[in-house]
Each structure stands twice: as structure tokens, then as C-alpha cells.
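So you can see what is in the structure, the chains are spelled out below.
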Amino acid sequence: SQELEQSPQSLIVQEGKNLTINCTSSKTLYGLYWYKQKYGEGLIFLMMLQKGGEEKSHEKITAKLDEKKQQSSLHITASQPSHAGIYLCGAGPYNNNDMRFGAGTRLTVKP
Amino acid sequence: DVKVTQSSRYLVKRTGEKVFLECVQDMDHENMFWYRQDPGLGLRLIYFSYDVKMKEKGDIPEGYSVSREKKERFSLILESASTNQTSMYLCASSSPMRDREKLFFGSGTQLSVL
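Residues numbered from 1 in each chain as written. Chains lettered and ligands numbered in written order. Predicted model: local features only at pLDDT ≥ 70, side-chain atom pairs only at ≥ 80, totals over all residues. Heavy atoms only, no water.

(A) The arrangement of the overall build of chain B in detail. On a plain count of helices and strands, chain B comes out with 1 helix and 12 strands. Going from the N terminus to the C terminus, chain B shows its helices and strands as β-β-β-β-β-β-β-β-β-β-α-β-β. Considered along the principal axes of its C-alpha atoms, chain B spans approximately 40 × 25 × 25 Å. Taken across its 114 residues, chain B has 48% of its residues classed as buried. When contacts within chain B are restricted to residue pairs at least 6 apart in sequence, long-range pairs at least 24 apart make up 56% of them. (Helix = DSSP H or I, 4+ residues; strand = E, 2+ residues; numbered from the N terminus. Buried < 20%, exposed > 50% of the residue type's maximum accessible area, 1.4 Å probe, protein only. Contact = heavy atoms within 4.5 Å.)

This is the structure we're talking about:
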């Protein structure tokens, strides 16, 4: 079973619109990671959050981790076609350094 | 830059064949991982290794085995390929000492078993 729940599963937005993707865990997270995957390719690391209430930004992407460290949100401002892809949240370590991932959110940005 | 290289982008095999998926990383990472990715299920961990000759089962090890004879190389073996092993396979590596749990991924191998 998935230990990380992502929502929504897919998202279609018009270019220029803002959007938010959520990632929820039933357990307190030691670390929460956001990755982006272009279709048919490997994952690229975006950001890592570790402290409750932490917020990080990279260009137009902002990620937050709630105070309880059980939920994270990824927010994209003024979306561009280049933002399209699959966004996955990951968490770990669990046993012996392994990482677990959510099912992913497929983002489409319409020009 | 860290480079994780998977030997094939696309692979087509027949049911019952023995399949080898190779992964090589060039950053002296201790940890290496094999995931499979399926629509709606996300990434699921098959096996991982935290040292040479060491391996740990992930969530779905059945039907797979792994080999790590050298630090830079982690192989995934499908002993007798079946159609339900058609999937995207992703290899990753990390160094807990240097990058914490940040994973570096290969480009993936799309395996089709006919």
C-alpha cells in the first residue's frame, strides 16, 4: 500500500495559472522530497524539506512542509509548458536508507 | 554531475527469458536502488543495496534478484520474465553521507515482455 498519498492524480491547467499539488503521509516524515519526471525519463530532484513549517522555493516552484511534518504542498506560480510532467513526492529513510514515493501527479499545461 | 546510466532505454523480451538490467553510477555512492513504475501505482521499490554484495528486499521483490559485485554497478535480474513484469524500471543511487537521502536517477528502461 502507498504510504504517501498524492492529490490530484492529474491536473490540466492553462498556461499562466497557479496550481497546487499535495502529498500526505500517515506517519511523521523525517524528510520529504519532491521530484519531477519528464514523460518517459528518470526523476529529477527539485527540493528537500526536513523541518516542520519549512518552505523552499526554486524559480516559480514553492514547497512547504506542515508543522506536524505529515503533509507537504508544491505550488507552481504562473505555470509554463516547461512545468509539464509528473511530480512525485518521496520520503525516507525507512529501513536501511530506502525511499518511498507517492503515485505521482501528472501535470499538463495548455499553451 | 552525478551520472546514473542504465544500459537500455527500451527492451523487448519474451515470456520465460532471463533478463538483465544494468545500472552504473559514477559518483562512488554507497546506496543503489531498483524501482519499477506503473501507471497509478507510482514507484515501487524492488531491491536496494547499501554496500557491495549487500542487498535488501523492497516492497515487491518476487520474481526478481539483484547483484552488486562492484560498488558502481547494480544489476536487476528477471529470472524468468513474465508479462506482468512489463514496466518502466528506474535505477537510482544515493550517498547518505554526502547528500542525505537525495536520489539520483537513471533515465529508465521501458521493458516489454511479450
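(B) Seen up close, the sheet that holds strand β7 (residues 61–65) of chain A. Residues and elements named next belong to chain A. Pairing in this open sheet of 5 strands is antiparallel, and the strands run β1-β3-β8-β7-β6 from one edge to the other. The sheet is open, and its two borders are formed by β1 (4–7) and β6 (55–58), each paired with just one other strand. Each strand axis lies, on average, 15° off the axis of its neighbour in the sheet, ignoring direction. The sheet contact formed by β6 and β7 spans 4 bridges and is antiparallel. If you follow Lys56 over to β7, its bridge partner there is Ala63. (Pairing = 2+ DSSP bridges. Axes fitted to C-alpha atoms, helices over the stretch in contact; angles between N-to-C directions.)

(C) Looking closely at the state of the cysteines. As enumerated under the stated definition, the model contains 2 disulfides over all chains in all. Note that A:Cys23 is cross-linked by a disulfide to A:Cys89, the S-S spacing being 2.0 Å. For the disulfide bridge between A:Cys23 and A:Cys89, the dihedral angle about the S-S bond is near 75°, and by the sign convention the bridge is right-handed. One end of the pair, A:Cys23, is in strand β3 (residues 19–25); the other, A:Cys89, is in strand β9 (residues 85–91), and 66 residues separate them in sequence. Among the residues examined, A:Cys23 registers a relative accessible area of 1% and is labelled buried. Two residues, B:Cys23 and B:Cys91, share a disulfide whose sulfurs are 1.9 Å apart. Judged by the sign of its S-S torsion, about -75°, the bond between B:Cys23 and B:Cys91 is left-handed. (Disulfide = S-S within 2.5 Å.)

(D) Expanded view of the pattern of salt bridges. With the rule as written, the count across this model stands at 9 salt bridges over all chains. Of the charged contacts in the structure, one is a salt bridge between A:Glu54 and A:Lys56, with a shortest N-O distance of 3.7 Å. Residue class for A:Lys56 comes out partly exposed when judged on its relative accessible area of 31%. When the shortest N-O distance is used, the salt bridge between B:Glu22 and B:Arg73 registers 3.8 Å. Separated by 51 residues along the polypeptide, B:Glu22 in the loop between β3 (19–21) and β4 (23–25) and B:Arg73 in strand β9 (residues 73–78) bring together distant segments of the chain. Judged by its relative accessible area of 23%, B:Glu22 falls in the partly exposed class. In the salt-bridge network here, residues are joined through shared partners; they are B:Arg36, B:Asp38 and B:Arg44. (Salt bridge = Lys/Arg side-chain N within 4 Å of Asp/Glu carboxyl O.)

(E) The interface of chain B and chain A, seen in detail. In this assembly, 24 residues from chain B lie in contact with 22 residues from chain A. Between chain B and chain A the total buried area reaches about 1,900 Å² when both faces are included, carbon and sulfur atoms providing 54% of it. Applying the counting criterion to the chain B and chain A interface returns 1 salt bridge. We note a salt bridge from B:Asp59 to A:Arg100, for which the minimum N-O separation is 2.9 Å. Between chain B and chain A we count 4 residue pairs in polar contact (both at pLDDT 80 or more) in total. Elements with a minimum of two residues in the side of chain B that touches chain A: β5 (31–38), β6 (42–49) and β10 (87–94) of chain B. For the side of chain B that touches chain A, a count of residues per class yields 12 nonpolar, 6 polar and 6 charged. (Buried area = accessible area lost by both parts, 1.4 Å probe. Polar contact = N/O pair within 3.5 Å; in protein donor to acceptor, adjacent residues only side chain to side chain. Nonpolar A, V, L, I, M, F, W, Y, C, P; charged D, E, K, R; others polar.)

(F) Representation of the side chain of A:Arg100. When you line up the elements, A:Arg100 lands in strand β10 (residues 100–101). Judged by relative accessible area, which is 12%, A:Arg100 ranks as buried. In terms of polar contacts, A:Arg100 uses its side chain to reach the side chain of B:Asp59, at 2.9 Å.

(G) Examining the pairing of strand β5 (residues 43–49) of chain A more closely. Within β5(A), 5 of the 7 residues are buried, leaving the element largely enclosed by the surrounding structure. Remark: 5 residues form the turn of the hairpin made by strand β4 (residues 32–37) of chain A and β5(A), two consecutive strands paired antiparallel; A:Gly40 in that turn has positive phi of roughly 75°.

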